[in-house]
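Breakdown of the fold
Below, each chain spelled out in residue letters.
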Amino acid sequence: MEKQNLDTLADRVADLIVKAKRVVVFTGAGVSTESGVPDFRSPGGIWERFNPDDFTYQKFIKNQKTRQLWWQLFQERGATEIRPNPAHYAIAELDRLGKLDSVITQNIDNLHQKAGVPDEKVFELHGSINWTVCLKCGQRYTLEQVKARLDKGEEIPACEACGGILKPSVVFFGELLPEGVFDKASHRSRSADLFIVIGSSLVVYPAADIPAHALSSGAKLVIINLSPTPMDYQATVLVRAKAGEAMSEVIERVRSKIS
Ligand code: NAD
């Protein structure tokens, strides 16, 4: 996006933030691509290398080969050295400036918390890569514990306590969302007066219903995304730019407008 155009749009977003009482940020995989985590649908995204049909809960349970593929993806995605980027830091700064109600994220990468947003303000619709659970006895393992085993060459780690199937605490296709999180996220979005979507194609349901809840309760909508979404026509401000770039511009203006 042309710098001048981005300046103008960032200024409008900053004005909306300054005036708003309850800002809810909704993020998807696109907020993390600048941290080196590929999204699903962009060129070079995960679905160019893996078949989404292989990643259902039912196949994971039944099929060793699917579990092996999952753990391969997990090992790539769970890299503990992945760091937040300027978009995550800008969102965390909104919180420090007293302007953030909550973050509703489809991401499982824990980068909002790493950037400094308090845990209780982050609603992870699709779970988190931070924990792995035994489906038989419920024993929980940290990301670091599982990573260490994969790094040593285990292809399909099993529960050390009972030998049961281990599954990352992330939502697979065909699986329900973690209990209560959708309702809480929906409640937060209905209470928002400004709802900012960052880096989501808004096509994965039921998560993609959440922005509509905010709109129907009267919130203004901002969308910051590189490609078109089905809700673009409803946005008060639409920013077709990289999340890190756009949010850096936005937060700089918010800072100067409220100081
Ligand atoms: P998606 O892949 O469907 O869409 C990502 C969107 O972000 C695209 O529209 C793309 O144009 C845009 N985008 C990519 N890079 C961007 C950037 N730098 N700045 C602004 N926009 C950018 O992702 P989604 O909407 O989150 O939904 C798909 C599912 O992907 C979710 O369920 C999520 O759990 C999962 N996912 C999560 C991660 C993660 O945790 N980081 C990564 C990949 C997929």
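Because the structure is a prediction, the values reported are computed rather than measured.

**Digging into the overall build of the protein**
Across its full length, the protein carries 9 helices and 9 strands. Its C-alpha atoms give the protein a radius of gyration of 19 Å, within 12% of the compact-globule value 18 Å for 259 residues. Projected onto its principal axes, the C-alpha positions of the protein cover 55 × 35 × 30 Å. Taking all 259 residues of the protein together, the buried fraction comes to 51%. A separation of at least 24 residues holds for 69% of the contacts in the protein among residues at least 6 apart in sequence.

**A few points about the site of the ligand**
Close to the ligand lie 28 residues, the nearest being Arg41, Gln106, His126, Ser201 and Ser227. Interatomic distance of 2.8 Å between a side-chain N/O atom of Glu34 and a nitrogen atom of the ligand. Within the contact set of the ligand, an oxygen atom lies 2.9 Å away from a backbone nitrogen or oxygen of Ile108. Considered on its own, the ligand offers 840 Å² of accessible surface; in the complex 95% of this is hidden by protein. Counted by class, the shell around the ligand contains 9 nonpolar, 13 polar and 6 charged residues. Residues lining the shell around the ligand come from more than one domain, with at least three contributed by each of domain 1 (1–37 + 82–126 + 179–259) and domain 2 (38–80 + 128–170).

**Focus on the nonpolar core**
Ile91, Ile196, Ile198, Val239 and Met247 are the most contacted members of the largest nonpolar core, which totals 35 residues. Mapped onto this core, the elements with two or more residues apiece are α1 (3–19), β1 (23–27), α4 (86–96), β7 (194–198), β8 (220–224), β9 (237–239) and α9 (243–258). Here this core takes 7 residues from α1, the largest share from any one element. Discounting chain neighbours no more than four positions away, the residues touching Ile196 are Ile17, Val23, Val24, Val25, Phe26, Val222 and Ile224.

**A few points about α9**
For an α-helix, 3.6 residues make a turn, and residues three or four places apart therefore share a direction. Under the 1.5 Å per step criterion, the end-to-end length of α9 is 22 Å for 16 residues, consistent within 8% with the ideal 22 Å. Listed as buried for α9 are Ala243, Gly244, Ala246, Met247, Glu249, Val250, Ile251, Arg253 and Val254.

**What about the sheet that holds strand β5 (residues 140–142)?**
On the basis of which strands lie adjacent, the open sheet formed by 3 strands has the order β5-β4-β6 and antiparallel pairing. Edge positions in the sheet fall to β5 and β6 (166–170), since each of these pairs with one other strand and no more. For this sheet, the mean inter-axis angle between neighbouring strands, taken without regard to orientation, is 35 degrees. Pairing analysis gives 3 bridges linking strand β4 (residues 127–134) to β5, with the strands arranged antiparallel. When the bridges of β5 are listed, Trp131 appears paired with Thr142.

**Quick word on the pairing of β4**
With 4 bridges connecting them, β4 and β6 associate as antiparallel partners. Across the sheet, residue Gly127 finds its bridge partner in β6, namely Val170. Between β4 and β5, which pair antiparallel in sequence order, lie 5 residues; one of them, Gly138, sits at a positive phi of approximately 85 degrees.

**Considerations on the domain arrangement of the protein**
Interface size is commonly expressed as the accessible area that is lost once the parts come together. For the protein, the assigned domains read domain 1 (1–37 + 82–126 + 179–259) and domain 2 (38–80 + 128–170). Here domain 1 and domain 2 have C-alpha centroids that lie 28 Å from each other. Taken together, the contact between domain 1 and domain 2 spans 16 residues of the former and 11 residues of the latter. Buried area between domain 1 and domain 2, both sides added, is near 1000 Å², and the carbon and sulfur share of it is 55%. It is Val37, Ile82 and Ile108 that lose the most area in domain 1 upon contact with domain 2, and together they represent 48% of the buried surface on that side. Our count for the contact surface shared by domain 1 and domain 2 stands at 0 salt bridges. Where domain 1 packs against domain 2, one counts 1 residue pair in polar contact (both at pLDDT 80 or more).

Rules of the game
Residues numbered from 1 in each chain as written. Predicted model: local features only at pLDDT ≥ 70, side-chain atom pairs only at ≥ 80, totals over all residues. Heavy atoms only, no water. Helix = DSSP H or I, 4+ residues; strand = E, 2+ residues; numbered from the N terminus. Rg over C-alpha atoms; globule rule 2.2 N^0.38 Å. Buried < 20%, exposed > 50% of the residue type's maximum accessible area, 1.4 Å probe, protein only. Contact = heavy atoms within 4.5 Å. Near = heavy atom within 4 Å. Polar contact = N/O pair within 3.5 Å; in protein donor to acceptor, adjacent residues only side chain to side chain. Areas by Shrake-Rupley, 256 points an atom, 1.4 Å probe, with all protein chains shown as cover. Nonpolar A, V, L, I, M, F, W, Y, C, P; charged D, E, K, R; others polar. Domains from an automatic or database assignment. Core = buried A, V, L, I, M, F, W, Y, C linked by side-chain atoms within 4.5 Å. Expected span 1.5 Å × (residues − 1). Pairing = 2+ DSSP bridges. Axes fitted to C-alpha atoms, helices over the stretch in contact; angles between N-to-C directions. Buried area = accessible area lost by both parts, 1.4 Å probe. Salt bridge = Lys/Arg side-chain N within 4 Å of Asp/Glu carboxyl O.

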